[in-house]
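Residue-level listing of the chains:
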Amino acid sequence: MENELQTMLEEELEAQIKNLSRLGSGTKEKASAVEDVTKLYKLKLEEKKDLSETLDHAKEDELKREQLKREIIFRNVRLGTEVLIFIAELGFAWHWARKGFEFEKDGTFTSGTMKSLFSRFKFRNRS
């Protein structure tokens, strides 16, 4: 419907411009016709401006949606990476603690490696 109105407006504007050449110069009719053409042309410009703004808003909304999708993907990848790092650190600590406990069967931690290892079992705070 909007396209039909725009077409009708353009056709009327074209007809009015063709009609101007038939009118005599300096007459009230020609002045009135020029005024009408001016109004129609302004309407056409406003219609184009409104259509352009509508398209700009649609593009802007689409860009925002795409950016939001990228942010969600990035956030999920980052979370997955942090979980994997935490699991790797936990696995590493568990492995070496188990090895150390096998070595220290008597219950005293006398080896330098085991003492050093227990002092490093502090996990980072990721918040």
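Residues numbered from 1 in each chain as written. Predicted model: local features only at pLDDT ≥ 70, side-chain atom pairs only at ≥ 80, totals over all residues. Heavy atoms only, no water.

**Describing the overall build of the protein chain**
Of the regular secondary structure elements, the protein chain holds 3 helices and 0 strands. Along the chain direction, N to C, the helices and strands of the protein chain fall in the order α-α-α. Counting all 127 residues of the protein chain, 13% fall into the buried class. Contacts in the protein chain between residues at least 24 apart in sequence constitute 52% of all its contacts with a sequence separation of at least 6. Total accessible area computed for the protein chain in this model is approximately 11,000 Å², and 59% of it derives from carbon and sulfur atoms. (Helix = DSSP H or I, 4+ residues; strand = E, 2+ residues; numbered from the N terminus. Buried < 20%, exposed > 50% of the residue type's maximum accessible area, 1.4 Å probe, protein only. Contact = heavy atoms within 4.5 Å. Areas by Shrake-Rupley, 256 points an atom, 1.4 Å probe, with all protein chains shown as cover.)

**Some points on a negative patch on the surface**
A cluster of acidic residues, Glu46, Asp50, Glu53 and Asp56, forms a negative patch at the surface. Relative to the helices and strands, glutamate 53 resides in helix H2 (residues 28-103). Classification of glutamate 53 as partly exposed rests on a relative accessible area of 36%. (Patch = residues over 30% accessible without salt bridge, like charges linked within 9 Å, V, L, I, M, F, W, Y side chains within 5 Å. Salt bridge = Lys/Arg side-chain N within 4 Å of Asp/Glu carboxyl O. Lys, Arg positive; Asp, Glu negative; His and termini not counted. Charge placed at Lys NZ, Arg CZ, Asp CG, Glu CD.)

**A word on the confidence of the model for the protein chain**
Confidence along the protein chain averages 78 in pLDDT terms, with 79% of residues attaining 70 or more. Taken element by element, the protein chain is modelled with least confidence in helix H3 (residues 112-119), mean pLDDT 66, and with most confidence in H2, mean pLDDT 85. (pLDDT = per-residue confidence, 0-100.)

**A few points about the nonpolar core**
Within the largest apolar cluster, 7 residues are counted, these being Leu9, Leu13, Leu20, Leu23, Ala33, Val37 and Leu40. Look past the residues within four positions of leucine 23 in its chain and what remains in contact with it is Glu29, Lys30 and Ala33. (Core = buried A, V, L, I, M, F, W, Y, C linked by side-chain atoms within 4.5 Å.)

**Examining the pattern of salt bridges**
Under the criterion given, the structure shown has 5 salt bridges. The partner of lysine 69 in a salt bridge is glutamate 66, with the nearest N and O atoms 3.9 Å apart. Placement of both lysine 69 and glutamate 66 in helix H2 is noted, with a separation of 3 residues, approximately one turn of the helix.

**Re a nonpolar patch on the surface**
On the surface, a cluster of nonpolar side chains totalling about 450 Å² of accessible area is made up of Leu79, Val83, Phe86, Ile87 and Leu90. Among the structural elements, valine 83 can be located in helix H2.

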